[in-house]
Amino acid sequence: MTPVTAARPWHRHLWPWIIIGILACSVALTLAMVTIAVTHPDNLVTDNYYEAGKGINRSLDRELLGQSLNLHARVALDELTGEVDVQLSGASQPETLVLNLISPTQPDKDRKVVLARTPSQPGRYVGQLADRVEGRRFVELLGVENAQTWRLFEEERIVPGQSLTLGDEPLQGAGGH
């Protein structure tokens with residue numbers, strides 16, 4: 001009779017450990033992805049589409065008011081001093097303006113500057129920017145005329161040393177209004 005050799009226990013074989021390793025890696029990566037998804041939520045998704053739609057209509061009304069006032073603005077950003085210089089032309093000269101530089105994808109890079117009208121030069125507004133801004137931005141300029149807020153809004157690429165012109169493009173989506 002031939003002697004029977006005892007089989008090695010399962011933990012001494014290579015293939016069970018390879019399979020366990022693959023499963024352990026997939027569980028670890030899944031937990032890492034869930035942790036990332038929970039700690040960094042997506043800010044670009046809105047839960048209330050009806051309210052967002054009403055906001056779009058309000059923005060369009062403000063842009064139409066800006067167009068009816070024949071408003072145009074030249075915006076210059078000084079990257080060294082942070083000074084924002086706006087030259088506004090048209091039928092509105094409020095005491096203050098608000099300039100919003102909105103990042104399309106990163107809300108922490110949004111900047112808001114309150115601009116004051118200079119007494120010596122009509123139509124010139126100045127403000128101070130805390131830090132340097134460059135790249136693709138939605139540029140929004142807000143002012144008030146006869147208790148109504150007007151808005152100039154355009155997508156621009158901010159390049160150091162170049163000024164921006166607002167109010168020179170036709171309104172998007174205003175055809176049915």
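A brief report on the enclosed structure follows.

Procedures and definitions
Residues numbered from 1 in each chain as written. Predicted model: local features only at pLDDT ≥ 70, side-chain atom pairs only at ≥ 80, totals over all residues. Heavy atoms only, no water. Helix = DSSP H or I, 4+ residues; strand = E, 2+ residues; numbered from the N terminus. Buried < 20%, exposed > 50% of the residue type's maximum accessible area, 1.4 Å probe, protein only. Contact = heavy atoms within 4.5 Å. Areas by Shrake-Rupley, 256 points an atom, 1.4 Å probe, with all protein chains shown as cover. Core = buried A, V, L, I, M, F, W, Y, C linked by side-chain atoms within 4.5 Å. Pairing = 2+ DSSP bridges. Axes fitted to C-alpha atoms, helices over the stretch in contact; angles between N-to-C directions. Salt bridge = Lys/Arg side-chain N within 4 Å of Asp/Glu carboxyl O. Phe/Tyr/Trp six-rings, centres within 6.5 Å; stacked < 30°, edge-to-face > 60°. Lys NZ or Arg CZ within 6 Å of the ring centre and 35° of its normal. Patch = residues over 30% accessible without salt bridge, like charges linked within 9 Å, V, L, I, M, F, W, Y side chains within 5 Å.

## Focus on the overall build of the protein
For the protein, the count of helices and strands is 2 helices and 8 strands. Its helices and strands in sequence order give the protein the pattern α-α-β-β-β-β-β-β-β-β, from N to C terminus. Across the 177 residues in the protein, those meeting the buried criterion constitute 27%. Taking the contacts inside the protein whose residues are at least 6 apart along the sequence as the reference set, 53% of them involve residues at least 24 apart. In the form shown here, the protein has an accessible surface area of approximately 12200 Å², with 59% of it arising from carbon and sulfur atoms.

## Examining the nonpolar core
One finds Val84, Val86, Leu99, Leu115, Leu141 and Trp150 to be the most contacted residues of the largest nonpolar core, which totals 24 residues. Mapped by element, the contributors of at least two residues to this core are strand E1 (72-77), strand E2 (83-89), strand E3 (96-102), strand E4 (111-117), strand E6 (135-145), strand E7 (148-158) and strand E8 (164-166). Setting aside residues up to four positions removed in sequence, leucine 141 forms contacts with Ala73, Val86, Leu88, Leu97, Val98, Leu99, Leu115, Trp150, Arg151, Leu152 and Leu166.

## Some remarks on the sheet that holds strand E5 (residues 124-128)
Read across the open sheet, the 8 strands follow the order E7-E6-E3-E4-E5-E2-E1-E8; overall the sheet is antiparallel. The sheet is open, and its two edges are formed by E7 and E8, each paired on a single side. Between one strand and the next, the sheet's axes are offset by a mean angle of 25°, whatever the strand orientation.

## A short note on the pairing of E7
Alignment of E6 against E7, held across 11 bridges, turns out to be antiparallel. Within E7, the position partnered with glutamate 140 by the bridge is phenylalanine 153.

## Some thoughts on the pattern of salt bridges
Once their charged atoms are close, side chains differing in charge can pair, the charge on each being opposite to the other. On inspection of all chains with the given rule, the structure shows 8 salt bridges. Across the pair arginine 62 and glutamate 140 runs a salt bridge whose closest N-O atoms are separated by 4.0 Å. Linking arginine 62 in helix H2 (residues 49-68) with glutamate 140 in strand E6, this pair joins segments that are 78 residues apart in sequence. Judged by relative accessible area, arginine 62 falls into the partly exposed class, the value being 25%. By relative accessible area, glutamate 140 is classed as buried at 8%. One salt bridge connects arginine 151 with glutamate 140, and the closest N-O pair in it is separated by 3.0 Å. Of the two residues, arginine 151 sits in strand E7 while glutamate 140 sits in strand E6, which places them 11 residues apart along the sequence. One continuous salt-bridge network, built from bridges that share partners, spans Arg62, Glu63, Glu140 and Arg151.

## Some details on the packing of aromatic side chains
Taken as a whole and assessed by the stated rule, the structure comprises 2 aromatic pairs. Across from the ring centre of phenylalanine 153, 3.9 Å away, lies the NZ or CZ of arginine 151, which sits over that ring.

## A look at unusual backbone geometry
The bulk of non-glycine residues show a negative phi, and the bulk of peptide bonds are trans. The phi torsion at asparagine 70 lies on the positive side, around 55°, for a residue other than glycine. Phi is positive for asparagine 146, which is not a glycine, with a value near 55°. With respect to the helices, strands and loops of the structure, asparagine 146 is situated in the loop between E6 and E7.

## Some points on a nonpolar patch on the surface
A cluster of nonpolar residues, Leu14, Trp15, Ile18 and Ile22, forms a patch on the protein surface that exposes about 460 Å² of accessible area. Note that tryptophan 15 resides in helix H1 (residues 14-39). By relative accessible area, tryptophan 15 is classed as exposed at 61%.

Honestly, it's all geometry; don't read function into it.
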